[in-house]
Amino acid sequence: TGDGALTLVRQDAPGRYALTLSSGKTLSSALSIDEPAGGLLGTLAGLSPGAPIAARATLAGPAGAAVLALNATAGPLALQAGGTIDLLTEALDVQVHAASPAMAVAGVAWEGAALDVTVRGPWTGPGGTAQFRLTALHAPGASLRELTANATAPGPGRIQFRATVAGLALDAAPGLFDAAPVQL
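Because the structure is a prediction, the values reported are computed rather than measured.

What counts and what doesn't
Residues numbered from 1 in each chain as written. Predicted model: local features only at pLDDT ≥ 70, side-chain atom pairs only at ≥ 80, totals over all residues. Heavy atoms only, no water. Helix = DSSP H or I, 4+ residues; strand = E, 2+ residues; numbered from the N terminus. Rg over C-alpha atoms; globule rule 2.2 N^0.38 Å. Buried < 20%, exposed > 50% of the residue type's maximum accessible area, 1.4 Å probe, protein only. Contact = heavy atoms within 4.5 Å. Lys, Arg positive; Asp, Glu negative; His and termini not counted. Charge placed at Lys NZ, Arg CZ, Asp CG, Glu CD. Patch = residues over 30% accessible without salt bridge, like charges linked within 9 Å, V, L, I, M, F, W, Y side chains within 5 Å. Areas by Shrake-Rupley, 256 points an atom, 1.4 Å probe, with all protein chains shown as cover. Salt bridge = Lys/Arg side-chain N within 4 Å of Asp/Glu carboxyl O. Polar contact = N/O pair within 3.5 Å; in protein donor to acceptor, adjacent residues only side chain to side chain. 1 Å grid on protein atoms, 1.4 Å probe; cavity = no way out; pocket = protein on both sides within 12 Å on 5 of 7 lines; lining within 4 Å. Points joined across faces, edges and corners; volume = space filled by probe spheres on them. Pairing = 2+ DSSP bridges.

Chemist: Please explain the overall build of the chain as it appears in this structure.
Modeler: Along the chain, the regular secondary structure elements total one helix and 15 strands. Compactness check: the chain gives a C-alpha radius of gyration of 21 Å against a globular reference of 16 Å for 184 residues, more than 25% above the reference. With the principal axes as the frame, the chain shows a C-alpha extent of 65 × 45 × 20 Å. Relative to its 184 residues, the chain shows a buried fraction of 25%. Residue pairs in contact within the chain that sit at least 24 positions apart in sequence constitute 25% of those at least 6 positions apart. Across the chain, the centroid of the 9 positively charged side chains sits 5 Å from that of the 12 negatively charged ones.

What follows is the structure, encoded as C-alpha cells:
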C-alpha cells in the first residue's frame, strides 16, 4: 500500500505531465498529459511537429475489479480504452478504439482508419478480437478503396485472420485486381 504523485511542468514552454498513485484495498491512479505541438513525447514518438498530445487515464476501484478509462489524442489521432483489470487473478477485460481522420504522411494518404480491439482473459493467454478498417489509401504506385481486416484469438496460441482489399490498383499492373476484391 502507498501513495505517490509526480508532476512535471515544462519551464521553457507549455506542457504538463502528472501521475498520481494510491494503492491499498482500493486503487486510485490517474495520469494526465497536456503537451503542445513539438513537445517531448511527440518528438520521441516521431509525430509531426504540429501534433499536440493530450491524455487522461484512470485506474480505480478494488484490486480485483479496477476500472480502466483512457482518452488520448495526438494531433488528429484519437484513442479510447476502457474495461476492468483484475490484479489479484491477473486477468483483464479491456476494449480499445483508435481512429484517424483523413491524413497524409510521407507521400501516403488515406481518408480514414479505425481499429477496435477487445482483450479478455488471463494475462498469460487472453483471447480477443480486432477489427481494422482503412479507406481510400493512396501511395506512390498503388491505391485501394478499402481494406478491412479481422482477427480472432480464441485462446492462447491460436489466431484466425481474414482481410479483404477492395479496389486495389497498382500502377505497374493496371486492371489486375478489377474483377474482385483480394481476400486473405
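Chemist: I keep staring at a nonpolar patch on the surface and nothing clicks. Help me out?
Modeler: On the surface, Leu6, Leu8, Leu19, Leu21 and Leu31 cluster together to form a nonpolar patch covering roughly 420 Å² of accessible area. Counting residues per element, the ones that place at least two in the nonpolar patch are β1 (2-9) and β2 (16-23). Counting through the fold element by element, leucine 6 comes out in strand β1. With relative accessibility at 49%, the residue leucine 6 sits in the partly exposed group.

Chemist: Is there a simple way to explain the side chain of glutamate 35 in this structure?
Modeler: When you line up the elements, glutamate 35 lands in strand β3 (residues 26-35). This buried residue, glutamate 35, is left without a salt bridge; arginine 10 holds the nearest opposite charge, at 5.7 Å. Engagement of the side chain of glutamate 35 in a polar contact is seen with the backbone nitrogen of leucine 41, the distance being 2.8 Å. What glutamate 35 contacts, discounting residues up to four positions off in sequence, is Gly15, Tyr17, Leu40, Leu41, Gly42, Pro52 and Ile53.

Chemist: Help me out: how do you make sense of unusual backbone geometry in this one?
Modeler: One can expect most non-glycine residues to show negative phi and most peptide bonds to be in trans. For glutamate 90, which is not glycine, the phi torsion reads 55° and is therefore positive. Of note in the backbone geometry, alanine 136 takes a positive phi value of approximately 50° without being a glycine. Along the chain, alanine 136 falls in strand β11 (residues 127-139).

Chemist: What's the story with the layout of surface pockets in this structure? I'm lost.
Modeler: In this approach, a probe sized like a water molecule rolls over the atoms, and the result shows the empty space that is left. Its volume calculated, the largest pocket comes out at about 170 Å³. Forming the walls of the largest pocket are 14 residues, and the residues nearest its centre are Leu77, Ala78, Leu79, Ala98 and Ala99. Only β5 (66-74), β6 (77-86), β7 (91-100) and β10 (112-122) provide two or more residues apiece to the lining of the largest pocket.

Chemist: Mind showing me how you'd approach the pattern of salt bridges here?
Modeler: Here the idea is simple: oppositely charged side chains can pair when their charged atoms come close. Inspection of every chain in the model, using the stated rule, returns four salt bridges. Of the charged contacts in the structure, one is a salt bridge between arginine 10 and aspartate 12, with a shortest N-O distance of 3.1 Å. Taking relative accessible area as the criterion, arginine 10 reaches 27% and is therefore assigned partly exposed. You can call aspartate 12 exposed: its relative accessible area is 64%. A salt bridge links arginine 133 to glutamate 146; the nearest nitrogen and oxygen atoms lie 2.5 Å apart. Of the two residues, arginine 133 sits in strand β11 while glutamate 146 sits in strand β12 (residues 142-155), which places them 13 residues apart along the sequence. You can call arginine 133 partly exposed: its relative accessible area is 45%.

Chemist: Looking at this model, I keep getting lost on the pairing of strand β4 (residues 53-62). Mind explaining?
Modeler: A regular strand places its side chains on the two faces of the sheet in alternate fashion. In terms of strand pairing, β3 meets β4 through ten bridges, oriented antiparallel. From the neighbouring strand, serine 29 faces β4, where its bridge partner is leucine 59. Sheet topology places β4 next to β5; eight bridges connect them, and they run antiparallel. Within β5, the residue paired with arginine 56 across the bridge is asparagine 71.

From the geometry alone we can't say anything about function, so treat these as descriptive.
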